[in-house]
Each structure stands twice: as C-alpha cells, then as structure tokens.
Amino acid sequence: MGRPERLVLYDGDCGLCQKSVQWLLDHDTEGKLRFAPLQGETAKPILQAHEELEGVDSVVYVEGDEAFVRSRAIFKLSAHLDRRWRWLRHLQIIPAFLSDLGYRFIAAIRYKVWGHADVCRIPTPEERARLLP
C-alpha cells in the first residue's frame, strides 16, 4: 500500500496531539484524512524526503508531495473537515509568522497542560483503518 494522499503526522507522545487526532477523526466526516505518529514507520520516509522537516516538533500535514507545518498544516487540513470547520482554511491569508505565534505558544506549554499520551480512546474499526503505524 502506498502513502495516503492526505496524511496528518502528529507527536504520538503528546496528550494534546492525541486529543487533536481524536477531534479530527470526529470532524473528518468523509474520512479523507489518515493519521500517523511522527515517531512511527509511516513518517520516516516522509521526514527523510523533506529536509525542511528535520527535527520537526509540530503537526505536519502531507498532501501529495507537499508538506505543511504548524498553522499552515491546520489551515490546509481544515479544508477536509465537516462544513462548520472548513472556514478555518481561509485563515491562511494571515502571514505564517503571525499565525504561528499562537501555535508555538500552545506547543510550548502542551506537555505542562495536557501531559504525555498515556491513555487514548479505543478507536472504532473504521477509525483504526485510518490510523497508520
């Protein structure tokens, strides 16, 4: 099986990231997104193919051959969420250095506030098919 067309890479150790993946699973009603931890086997070839991702500590959204990080990743993947959340994609008109300020602030405190991912909900069979190693 080849790499999915739309892939969200996330920090598998982060409690906030785990909760975010669960939220995305709930709001990607058409099932277009696939998910894999940055630390997993699925992410390795992608990280190697994109030098700009070396040492990345952010959500990464991969669509086709393009990879987006931080707020750009959120804005791009939001186009595939249910209707009430698609408006987020329009925020990409904000310069990245500004939209990433908020992202970086949350990222800096994520372990202090949300801790490490030690427990997550048991995915349904449909969700399990969208979670890659």
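Residues numbered from 1 in each chain as written. Predicted model: local features only at pLDDT ≥ 70, side-chain atom pairs only at ≥ 80, totals over all residues. Heavy atoms only, no water.

Peer 1: So what exactly am I meant to see when it comes to the layout of surface pockets here?
Peer 2: With a probe scaled to a water molecule rolled over the atoms, the places where space remains empty come into view. By volume, the largest pocket is sized at about 500 Å³. Lining the largest pocket are 20 residues, and of these L16, S20, V59, I74 and Y103 sit closest to its centre. Among the secondary structure elements, those contributing two or more residues to the lining of the largest pocket are β1 (6–10), α1 (15–27), α3 (70–77) and α4 (96–114). Tallied by class, the residues present in the lining of the largest pocket amount to 17 nonpolar, two polar and one charged. (1 Å grid on protein atoms, 1.4 Å probe; cavity = no way out; pocket = protein on both sides within 12 Å on 5 of 7 lines; lining within 4 Å. Points joined across faces, edges and corners; volume = space filled by probe spheres on them. Helix = DSSP H or I, 4+ residues; strand = E, 2+ residues; numbered from the N terminus. Nonpolar A, V, L, I, M, F, W, Y, C, P; charged D, E, K, R; others polar.)

Peer 1: What is the right way to read the packing of α1 against α4 from this model?
Peer 2: As a packed pair, α1 and α4 sit with axes 8 Å apart at the nearest point and diverge in direction by 95°. Regarding the angle of α1 to α4, the classification is roughly perpendicular. Facing G15, L16, C17 and K19 of α1, the residues of α4 in contact are I106, R110 and W114. Class assignment for the residues of the contact of α1 with α4 results in four nonpolar, one polar and two charged. (Axes fitted to C-alpha atoms, helices over the stretch in contact; angles between N-to-C directions. Parallel < 35°, antiparallel > 145°, perpendicular 65-115°, else oblique. Contact = heavy atoms within 4.5 Å.)

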